[in-house]
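Fold and contact review
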Amino acid sequence: MKIYCMSDIHGCLAEFEDALSLVIDNLEEDGTMLLLLGDYIHRGSDSIGVLNRIISLQYKYGSDKVVALMGNHEEFVLRGHSTINSMVESFDDEHCSDNEDEDRYIQWMENLPYYYTEGNTIFVHAGIDEESGDLWEWATGEEIFVSKFPAETGKIEGLDMKVVAGHVGTAEISGDPRYHDIYYDGESHYYIDGTVIDSGVIPVLMVDTDTDTYYRVTETGNHLILPYDEYE
């Protein structure tokens, strides 16, 4: 299986379309899928447009071919802490003034899974309970799946799997404010939140679960991802 991954789109529809252009043709092939790791809304200018695009992709290819996971910003909406277009609760939501219309998106969010596994890889918005080793699936609470902070790096003891996550920008994880690409710690973690609001780019990761290899997808092709410190 070849899984194309993106995370933290945050209402940036144009940047999402740019990222999709790198992978959309591949979705016609067997053994491929698109996996979105949460935080589709807020910060950017077109949260509704992003949601509509994801839903349309699921309608065209099927929800097993285009999988969207829960992010903490979707949970904000479900808990009533924000509207779809605003990070603060508001009764003046220009895109969703019709409650029935907003309810349609909320119902979609309510059905988002918290994680996805394939082969040797766990896909999640923020992270897992790493202290639980191979019992992570039972030990990890919803709050950790969507809001774990800070991002952990290094080898996960007792778990022979990799974690692919977003949530925390790779500029913060790397300690380099100019770095907005995929971060691999050389052990158990790949982080793919490129802070699109700052960088204007949504990084695309491709995981070949048959060979357990991880690639950066660009206009020039797929490039094997090396540990971050090997780029320095």
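The structure presented is a predicted model; accordingly, all values stated were derived computationally and were not measured.

Where burial is concerned, the two faces of strand β5 (residues 121–124) agree: the one with T121 and F123 and the one with I122 and V124 are both buried. Of the strand pairs in this sheet, strand β4 (residues 115–118) and β5 are connected by four bridges, and their pairing is antiparallel. Bridge assignment links T117 to a residue of β5, and that residue is I122. Hairpin remark: β4 followed by β5, antiparallel, with two residues in the connecting loop; positive phi at G119, about 60°.

Now for the pattern of salt bridges. One pass over the structure, following the stated rule, counts seven salt bridges. Between D176 and R178 there is a salt bridge, with the nearest N and O atoms lying 3.3 Å from each other. Between D181 and R216 there is a salt bridge, with its nearest N and O atoms 2.8 Å apart. Linking D181 in the loop between α7 (170–174) and β7 (183–184) with R216 in strand β10 (residues 213–218), this pair joins segments that are 35 residues apart in sequence. The class for D181 is partly exposed, based on a relative accessible area of 27%. Via salt bridges that share partners, E75, R79 and E143 belong to a single interconnected network.

We now examine helix α1 (residues 13–20). Buried residues of α1: F16, A19 and L20, and no others. Buried residues of α1, viewed axially, fall in a sector of 100°; they line one side. Across α1 from its buried face, at more than 90 degrees, point the exposed residues A14 and D18.

So, on to the packing of α1 against helix α2 (residues 47–61). The contact between α1 and α2 brings their axes to 9 Å, and the two run at 30°. Comparing their axes, α2 and α1 come out roughly parallel. Where α1 crosses over α2, the handedness of that crossing is right-handed. Contact residues: α1 offers L13, F16, E17 and L20, while α2 offers G49, V50, R53, I54 and L57.

A few words on the sheet that holds strand β2 (residues 32–36). Strand order in the open sheet made by the six strands is β3-β2-β1-β9-β10-β11, with mixed pairing throughout. Either end of the sheet is taken by a strand with one partner, and the two such strands are β3 (66–68) and β11 (221–224). Across the sheet, the mean angle from the axis of one strand to that of its neighbour is 30°, orientation sign disregarded. Of the strands in this sheet, β2 and β3 touch α2, which is tilted by about 140° from β3.

On to the nonpolar core. In terms of nonpolar packing, the biggest core is built from 53 residues, with M6, F16, L34 and Y40 touching the most fellow members. Counting residues per element, this core draws most heavily on α2, which supplies six residues. In this structure Y40 touches I9, H10, G11, V50, L51, I54, A68, L69, E74, W108 and L112, once residues within four positions along its chain are discounted. Grouped together as the second largest cluster of nonpolar side chains are 17 residues, I3, L37, V164 and Y214 included.

A few words now on the sheet that holds β4. If you trace the five strands from one edge of the open sheet to the other, you get β4-β5-β6-β8-β7, paired in mixed fashion. Looking at strand neighbours, the two that pair on one side only are β4 and β7, the edges of this open sheet.

This part is about the packing of aromatic side chains. The final tally for this structure, using the stated rule, is nine aromatic pairs. Consider the rings of Y115 and W136, whose centres lie 5.1 Å apart with planes at 75°: the pair is edge-to-face. On the criterion of sequence distance, the pair formed by Y115 in strand β4 and W136 in helix α5 (residues 136–139) is long-range, its members being 21 residues apart. We classify W136 as buried; its relative accessible area is 4%. Arranged with centres 4.1 Å apart and planes meeting at 0°, the rings of Y184 and Y190 form a pair that is stacked. Through a chain of ring-to-ring contacts, the aromatic side chains of Y114, Y115, W136 and F145 assemble into a single cluster.

With the rule as written, the count across this model stands at one cavity of 30 Å³ or more. Space inside the largest cavity adds up to approximately 30 Å³. For the largest cavity, the full set of lining residues is A126, G127, I128, E130, K148, P150, A151, E152, V163, H189 and Y191. A per-class count over the lining of the largest cavity returns six nonpolar, two polar and three charged.

Rules of the game
Residues numbered from 1 in each chain as written. Predicted model: local features only at pLDDT ≥ 70, side-chain atom pairs only at ≥ 80, totals over all residues. Heavy atoms only, no water. Buried < 20%, exposed > 50% of the residue type's maximum accessible area, 1.4 Å probe, protein only. Helix = DSSP H or I, 4+ residues; strand = E, 2+ residues; numbered from the N terminus. Pairing = 2+ DSSP bridges. Salt bridge = Lys/Arg side-chain N within 4 Å of Asp/Glu carboxyl O. Arc of directions from axis to C-beta. Axes fitted to C-alpha atoms, helices over the stretch in contact; angles between N-to-C directions. Parallel < 35°, antiparallel > 145°, perpendicular 65-115°, else oblique. Left-handed = near helix turned anticlockwise from the far one by under 90°. Contact = heavy atoms within 4.5 Å. Core = buried A, V, L, I, M, F, W, Y, C linked by side-chain atoms within 4.5 Å. Phe/Tyr/Trp six-rings, centres within 6.5 Å; stacked < 30°, edge-to-face > 60°. 1 Å grid on protein atoms, 1.4 Å probe; cavity = no way out; pocket = protein on both sides within 12 Å on 5 of 7 lines; lining within 4 Å. Points joined across faces, edges and corners; volume = space filled by probe spheres on them. Nonpolar A, V, L, I, M, F, W, Y, C, P; charged D, E, K, R; others polar.

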